[in-house]
Amino acid sequence: MSDLAGAAPLFAEMIGGGLGAAGGGIAGAAAAGVGAVPGAMAGAAAGGTAGRELAQRGINWWYGNNDTRTTGEQVTDAAITAGANAVGEGLGRAIIGGAKAAGRGLGFGTQAATEAATDMRAIGIEPTVGMVTGNAPTQYAERAIGAMPFVGSSVNRAAESSATAIAAENDRIVSGLASSTNRNATPGTAQEVGAALKQEAANAQTRFQQAANQQYENVGTLTGSTPVPGNSMANLGFELANESANITAFGRETYGSELKAAMRRVSAINEDIGNGATFESIKRARTEVGKMQRASTNDAESGYLGRMYDALTAEMGATADAAGNGARTAWNEADAAYRAGMAKGSPTNVKENLAPILKAQVDEDVLTNMLKGSEKGGNRIAAARRQILQGQGNEAWDQFTAATVERLGNPKGEGFNSTQFLKGWNAMSPEAKGALFDGTANEAYRADLDRLARIAANVKRYGKSANGSNTSNVQTIVGALGAIGVPVGGVLAGNTALVMSSLGSMATTGATAKIGDRLLTNPTVVSLVANLPRAQVQRGGIERTIAALHQYAGSPGVDDATRAGIAALAEAISIRSDKKAK
């Protein structure tokens, strides 16, 4: 009980501040020359101060404590509470127009809370104070308020609509990503996206081979019938013959057969060179040797084939040199491009960079393969992107990006879940995100996803203030406040005039439900009720409040039903005040 009692003033302050803000905001908007935000802040100051001070009095009454503060100290504490609630209300509202500049000038709120409200409103969520501040007690108090008929309708709407709004924003982003290049495209399934990427990967391989062939053909045209010099291949033949002459008995048993095969191949090529081989014939020989080397599983054989490949490459360069006519420059460019495209770790190695796609056993595995390790970096994604976009595979990349984002929030295909999305987006490294978005037509969506993650985080924290049925936490708050005489949703507490309980009962009695709801949000009524804590400690204060209520009820524009409700409220105040006096 002591823990609940200790928290009660804070809860009461929040509830009081919230109702005070609602009333003050309406009053401020209605008053000429007064903005809604300053009005709401004033209301929050009054309501919150009333709630906190009266909750404290209730605790003192419950435990029989004596308030040892001097009158000056009590006034100072009340002023601090009022100021804090005014600031808190300013923080919870998006300050727009002229009120925005004024609010900033006075330092209302924090940047983080203001940004949180801006984020949420950007996707259609009208947030509560608890949503944007992340303050747990405020969130619990809002849950308790939301449990009351009519009082918490706005709180409930905000909580219920947030999940829908987040899912809708995710759908908007996914659809936008998928249709960035092709406006008629829609997000594809994992199978469809995988198939599209596989096709683009195959196209990339074809493009690389075609480009290499074209470059080498250009060199062949420039070299024409220039004979291959043959020096490099002759030297290789001499080296192999020398190795064979000096091979050991053990060498003959372990790699002797591979050496003899290499000597036969080199001898055959040297014979062709002696018969006037040209650049084109040596190029074809090198291609075959390269294929054999890649297919070989024998280290000795692979080593000899590699030496042959290098010697043939040298012969091709020497032939270009002998031909002149710019053949050597063309050769250098062609060979450098091809080597880069085949070298391990090269950004232009098509086969290696697209391996996550090419090695997928089924189309659905492409996404999984591509996203492996994305929490550590984005090299795999960036490498594949280079190859695919180089071939104008923009639409396929759009589909991949859309499918990646969709999988973050729906990893098991059971529907979007904002908590799963938050987990997935936060787990993805900045490098992986950059590889997906930076420099593409979809780059702006990264900022949208960052915003969606911030909103999801705020809503997740807010959701912790309630269990699935919203019962447990509400009962905690109701129990804590009720134990010291604080009616949930009211601005009065302790052993004082529990006026809002009358309003609460009105709000549950069918025919008068609408009147009860109206009184709970009527700025004049809320302001008068919020001032009751001060009024009851002043001589004649209660009587003046009752008189003010009657005066307001008789003013022009107040309809009969509202007038009757105000009269009932005034009577309830009078009765409870009399009981307390006795």
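First, a word on what this report is: a plain description of the structure on this page. Just so it is clear, the structure is predicted and the values come from calculations on it, not from any experiment.

**Structural notes on the overall build of the protein**
In step 1: The helix and strand inventory of the protein stands at 30 helices and zero strands.
In step 2: Sorting the 582 residues of the protein into buried and exposed places 45% on the buried side.
In step 3: Pairs at least 24 apart in sequence give 71% of the contacts found in the protein among residues at least 6 apart.
In step 4: Looking at the protein as shown, the accessible area adds up to about 27700 Å², and 52% of this sits on carbon and sulfur atoms.

**What to know about the packing of aromatic side chains**
In step 1: Applying the stated criterion across every chain yields a total of eight aromatic pairs.
In step 2: Both rings, one in Phe 279 and one in Trp 331, keep their centres 5.9 Å apart while their planes meet at 85 degrees; by these two values the pair is edge-to-face. One end of the pair, Phe 279, is in helix α13 (residues 279-295); the other, Trp 331, is in helix α15 (residues 327-342), and 52 residues separate them in sequence. With respect to class, Phe 279 is no different from Trp 331; both count as buried.
In step 3: Here Phe 416 and Phe 421 contribute two aromatic rings whose centre-to-centre distance is 6.3 Å and whose plane-to-plane angle is 40 degrees, an arrangement assigned as tilted.
In step 4: What makes Phe 416 partly exposed here is its relative accessible area of 26%.
In step 5: On the basis of relative accessible area, Phe 421 is assigned to the buried category, the value being 0%.
In step 6: Ring pairs connect the aromatic residues Phe 208, Tyr 216, Phe 279, Trp 331 and Tyr 338, which therefore count as one cluster.

**A word on the packing of helix α22 (residues 430-437) against helix α23 (residues 443-463)**
Helix packing geometry: the angle between the two helix axes and the distance between the axes.
In step 1: Running from amino to carboxyl end, α22 crosses α23 at an angle of 140 degrees, the nearest separation of the two axes being 8 Å. It follows from the interaxial angle that α22 and α23 lie oblique. The segment α22 lies against α23, with Pro 430, Lys 433, Gly 434 and Phe 437 engaging Glu 443, Tyr 445, Arg 446, Leu 449 and Asp 450.
In step 2: Its residues assigned to classes, the contact of α22 with α23 comprises four nonpolar, one polar and four charged.

**Topic: a positive patch on the surface**
In step 1: A cluster of like positive charges, contributed by Lys 412, Lys 423, Lys 460, Arg 461 and Lys 464, occupies part of the molecular surface.
In step 2: Its location among the elements puts Lys 423 in helix α21 (residues 418-427).
In step 3: Its relative accessible area of 61% is what places Lys 423 among the exposed residues.

**Examining the pattern of salt bridges**
In step 1: Here the structure, examined in full by the defined rule, presents 15 salt bridges.
In step 2: Salt-bridge contacts for Arg 451 lead to Glu 169; the nearest nitrogen and oxygen are separated by 3.0 Å. Of the two residues, Arg 451 is situated in helix α23 and Glu 169 in helix α8 (residues 153-178); the sequence distance between them amounts to 282 residues. Here Arg 451 and Glu 169 have matching classes, each one buried.
In step 3: Counted as one network, the salt bridges with shared partners bring together Glu 169, Arg 172, Asp 448 and Arg 451.

**Some remarks on the environment of Ala 441**
In step 1: Tracing the backbone shows Ala 441 in the loop between α22 and α23.
In step 2: In this structure the C-alpha to C-alpha distance between Ala 441 and Asp 398, which are 43 residues apart in sequence, comes to 9.0 Å.

**Brief notes about unusual backbone geometry**
In step 1: The phi dihedral of Asn 325 is positive, around 60 degrees, even though this residue is not glycine.
In step 2: Tracing the backbone through its elements, the reader meets Asn 325 in the loop between α14 (299-323) and α15.

**Here's the deal with the side chain of Lys 433**
In step 1: Mapped onto the elements, Lys 433 comes out in helix α22.
In step 2: Excluding anything up to four places from it in sequence, Lys 433 contacts Trp 425, Met 428, Asp 438, Arg 446 and Asp 450.

**A word on the environment of Leu 389**
In step 1: The residue Leu 389 is located in helix α19 (residues 379-390) in this model.
In step 2: For Leu 389, a relative accessible area of 22% translates into the label partly exposed.
In step 3: Spatially, the C-alpha atoms of Leu 389 and Ala 204 are 9.4 Å apart, while their sequence positions differ by 185 residues.
In step 4: For Leu 389, the residues in contact, after removing those within four places along its chain, are Asn 394 and Trp 397.

**Some thoughts on the side chain of Ser 429**
In step 1: Structurally, Ser 429 is set in the loop between α21 and α22.
In step 2: A relative accessible area of 5% means that Ser 429 is categorised as buried.
In step 3: Within polar-contact distance, the side chain of Ser 429 engages the backbone oxygen of Ser 374 at 2.9 Å.
In step 4: In this structure, Ser 429 is in contact with Ser 374, Glu 375, Lys 376, Gly 377 and Gly 378, ignoring residues within four places of it in sequence.

**Observations concerning the packing of helix α9 (residues 190-223) against α15**
In step 1: As a packed pair, α9 and α15 sit with axes 9 Å apart at the nearest point and diverge in direction by 160 degrees. Taken together, the axis directions place α9 and α15 in an arrangement best described as roughly antiparallel. As α9 packs across α15, the resulting crossing turns out to be left-handed. Here Phe 208, Gln 209, Ala 212, Gln 215, Tyr 216, Val 219, Leu 222 and Thr 223 of α9 come into contact with α15, specifically with Ala 327, Ala 330, Trp 331, Glu 333, Ala 334, Asp 335, Ala 337, Tyr 338, Gly 341 and Met 342.
In step 2: For the contact of α9 with α15, a count of residues per class yields twelve nonpolar, four polar and two charged.

**Considering α15**
In step 1: The end-to-end C-alpha separation of α15 is 22 Å, in line with the 22 Å expected for 16 residues at 1.5 Å each.
In step 2: Within α15 the residues assigned to the buried category are Ala 327, Ala 330, Trp 331, Ala 334, Asp 335, Tyr 338 and Gly 341. Considered in projection along α15, the buried side chains sweep an arc of 125 degrees and stay on one side of the axis.
In step 3: Looking at the buried side of α15, the elements it contacts are α9, α13, α14 and α16 (350-353).

About the cut-offs
Residues numbered from 1 in each chain as written. Predicted model: local features only at pLDDT ≥ 70, side-chain atom pairs only at ≥ 80, totals over all residues. Heavy atoms only, no water. Helix = DSSP H or I, 4+ residues; strand = E, 2+ residues; numbered from the N terminus. Buried < 20%, exposed > 50% of the residue type's maximum accessible area, 1.4 Å probe, protein only. Contact = heavy atoms within 4.5 Å. Areas by Shrake-Rupley, 256 points an atom, 1.4 Å probe, with all protein chains shown as cover. Phe/Tyr/Trp six-rings, centres within 6.5 Å; stacked < 30°, edge-to-face > 60°. Axes fitted to C-alpha atoms, helices over the stretch in contact; angles between N-to-C directions. Parallel < 35°, antiparallel > 145°, perpendicular 65-115°, else oblique. Nonpolar A, V, L, I, M, F, W, Y, C, P; charged D, E, K, R; others polar. Patch = residues over 30% accessible without salt bridge, like charges linked within 9 Å, V, L, I, M, F, W, Y side chains within 5 Å. Salt bridge = Lys/Arg side-chain N within 4 Å of Asp/Glu carboxyl O. Lys, Arg positive; Asp, Glu negative; His and termini not counted. Charge placed at Lys NZ, Arg CZ, Asp CG, Glu CD. Polar contact = N/O pair within 3.5 Å; in protein donor to acceptor, adjacent residues only side chain to side chain. Left-handed = near helix turned anticlockwise from the far one by under 90°. Expected span 1.5 Å × (residues − 1). Arc of directions from axis to C-beta.

Just distances and angles here, no functional claims.
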